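# Structure at a glance
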Amino acid sequence: MIATLLSEAWQAMLSNRLRTFLTALGITIGVAAVVLMVSIGQGTQQKVIGSINSMGANLLIVNSASSRSGGVRSGMGGIPTLTLGDVAAIRELPPTLYASPISTGFVQLVYGPNNWNSYALGVNAEYLELRDWEIEQGRGLSESDINSATRVAVLGQKVVDNLFGDEDPIGQVVRVKNLPFTVIGVLSKKGQSMDGRDQDDSIIVPITTAQRQLLGGPFRSSVSMIMVKAENAEGLNALERQISALLRQRHHIRENAENDFGVTNMTSVAETASEVTGMLSLLLGAIASISLFVGGIGIMNIMLVSVTERTREIGIRMAIGADRRTILTQFLLESIIITVTGGVIGILIGVGLAQVVGQVAAIPVSITAQPIVLAFGVSVAVGVFFGLYPARKASLLRPIEALRYQ
Amino acid sequence: MPPVIQLDALTKDYLTDAGAVAVLKGISLKVAKGEFVAVMGPSGSGKSTLMNILGCLDIPCGGHYLLNATDIGTLPEPELARLRGQVIGFVFQGFNLLPRMSLGNNVALPLVYQRIGKAERLARATDLLGQVGLGHLVASLPTRISGGQQQRVAIARALVTRPSLILADEPTGNLDSHTGREIMELFQRINRDQHITIVLVTHDMSVARYAQRLVYLKDGLLAYDGAVADFHGVEA
């Protein structure tokens, strides 16, 4: 019987094409808005989380803290207080899997007729493993490179493209700040970092070489940052505490004095970022849902008109044997058909718009099944919710009064 | 065999702004299977109310209505709907076909509510449209045919569930006299050939003559109940 009622409901919709179209349009716009907004929200979320995760998992970052000289405070890392000795000591803590110093600076690279400005990272042999960053060609830095401060470099993809083109860079000599460095390896692609920097535009050199020959300023023996990877997520918080205690001891900080360093837990940063962008998704979705709700009210309005218009028809159907439940089902199916049709079209439009927005406006969008399934479910629910009252009203008509209705 | 219709001291009141108005004041009546009864009476005499109760569209306030020995006063709404669909066939003055549906589907509609399969629905509808002389118009819409044809379709619809009782409320009221005669001959044939009980309301004596028995209502009471041929009017 449902099949017959469905086809009847479909006929009823078709007999009032313009009205059905306009009513469904409200739902179409609402669903399209929800799909589009959630896609944008999720795209943003994925982009943020992706760039945090591209740093590697279970990471702690130790920075030199702000220092105070007279009344003037410098920002984080203002005076480098961290040393290679600190790195070695942190490396000895049990939960530490890897630890690497990082010193950075921009350098000019020259190879043959080409030159390029890139971001130099002075690190140790563990850095690439710590970052889950693979070598695509050649090899990474070795312990002996660090110990003897050799002039070797591992290049990012973008540097290779700009200096070498199609040529094989391994074994070639590039001039970095006018010093010759032998290229020993090429990094795999990594993409954007959290601060929006292109990580493929990097050159990796031994920390010792960087300190002594490339980036050394007034604080030659210091490092600007230490990156530490814990063995697992559970050890992360313990490691954070242990590093604080260790560095306070090593830096001779008195009991009530402030740390001269800061420890950032990248997992909690990721969690916060994920929470914030998740909230953004939710907010965008909520705003879009308002239009879906308004569409639902449109359905209810039209269904109420339809019930009034068809009072006599309802009376006839009751006289020839339709019970209340059948009448209820019939009108409910009509509103569900409107919302599902509107919803499916809305999903198509929403997905299409999301793709256009992603390409034209360069806004990150992520089209997943979740908002689509959700939007479909919601449009069925809207049909049931807003169709129920008019359908119930129809089913509760008294047959004789409905038959008398002119 | 119990009578198709048995009314015992049936009453019906309506609440109006002026208070309760008694429309039926105690009607007792039996209609046996295969009878053809015409109900007459001036307007306001309670004919329509009586038909609504007979058709299970309304329930009495007092007394009993036994339809095929079932007291309908005690039945819940879904049961009443089932009786309307299976036991009773309605024919209205205004035909009451659904304008958007083909004649075939209009006739088959009561079978939808009895969960009868599509193929059988269509076969039965086509057969009945053939019986009322409209077999060639199965796919037409009600708006494309004449009033007399529409009433034939309505009669086919009333017959499609093979009911034991047909209730007709002024079935010729909207038709010219020639077409009205054809419709009444159709009723007579159905009554005679299929032994279906027919109760028909009319204000036209020439229509009532197609029935065997006449029930005359006046002020909510039975003023006459007997053979049509013996009826010579009631005193004012």
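Residues numbered from 1 in each chain as written. Chains lettered and ligands numbered in written order. Predicted model: local features only at pLDDT ≥ 70, side-chain atom pairs only at ≥ 80, totals over all residues. Heavy atoms only, no water.

### Structural notes on the overall build of chain A
- For chain A, the count of helices and strands is 13 helices and 14 strands.
- The C-alpha atoms of chain A give 33 Å as radius of gyration, which overshoots the globular expectation for 406 residues (22 Å, by more than 25%).
- The buried share among the 406 residues of chain A stands at 47%.
- In chain A, the proportion of contacts linking residues at least 24 apart, taken out of those at least 6 apart, comes to 77%.
- For chain A, the computed accessible surface area is about 19,000 Å², with 59% contributed by carbon and sulfur atoms.
- Of note, chain A has its 31 positive side-chain charges centred 10 Å away from the centre of its 31 negative side-chain charges. (Helix = DSSP H or I, 4+ residues; strand = E, 2+ residues; numbered from the N terminus. Rg over C-alpha atoms; globule rule 2.2 N^0.38 Å. Buried < 20%, exposed > 50% of the residue type's maximum accessible area, 1.4 Å probe, protein only. Contact = heavy atoms within 4.5 Å. Areas by Shrake-Rupley, 256 points an atom, 1.4 Å probe, with all protein chains shown as cover. Lys, Arg positive; Asp, Glu negative; His and termini not counted. Charge placed at Lys NZ, Arg CZ, Asp CG, Glu CD.)

### Examining the confidence of the model for chain A
- Considering every residue of chain A, the mean pLDDT works out to 86; 94% of them sit at 70 or more.
- By mean pLDDT, strand S2 (residues 68–69) of chain A is the weakest element of chain A at 50, and strand S8 (residues 152–155) of chain A is the strongest at 93. (pLDDT = per-residue confidence, 0-100.)

### What to know about the interface of chain A and chain B
- Taken together, the 23 residues of chain A in the interface contact 22 residues of chain B.
- Across the chain A/chain B interface, buried area totals approximately 2,100 Å², and carbon plus sulfur atoms make up 62% of it.
- Per-residue buried area on chain A facing chain B is highest for Met1(A), Ile320(A) and Ile400(A); these three make up 28% of the total on that side.
- Applying the counting criterion to the chain A and chain B interface returns two salt bridges. (Buried area = accessible area lost by both parts, 1.4 Å probe. Salt bridge = Lys/Arg side-chain N within 4 Å of Asp/Glu carboxyl O.)

### Some details on the confidence of the model for chain B
- When pLDDT is averaged along chain B, the result is 92; 99% of the residues meet or exceed 70.
- Within chain B, strand S3 (residues 36–40) of chain B carries the highest mean pLDDT (96), whereas helix H2 (residues 77–86) of chain B carries the lowest (91).

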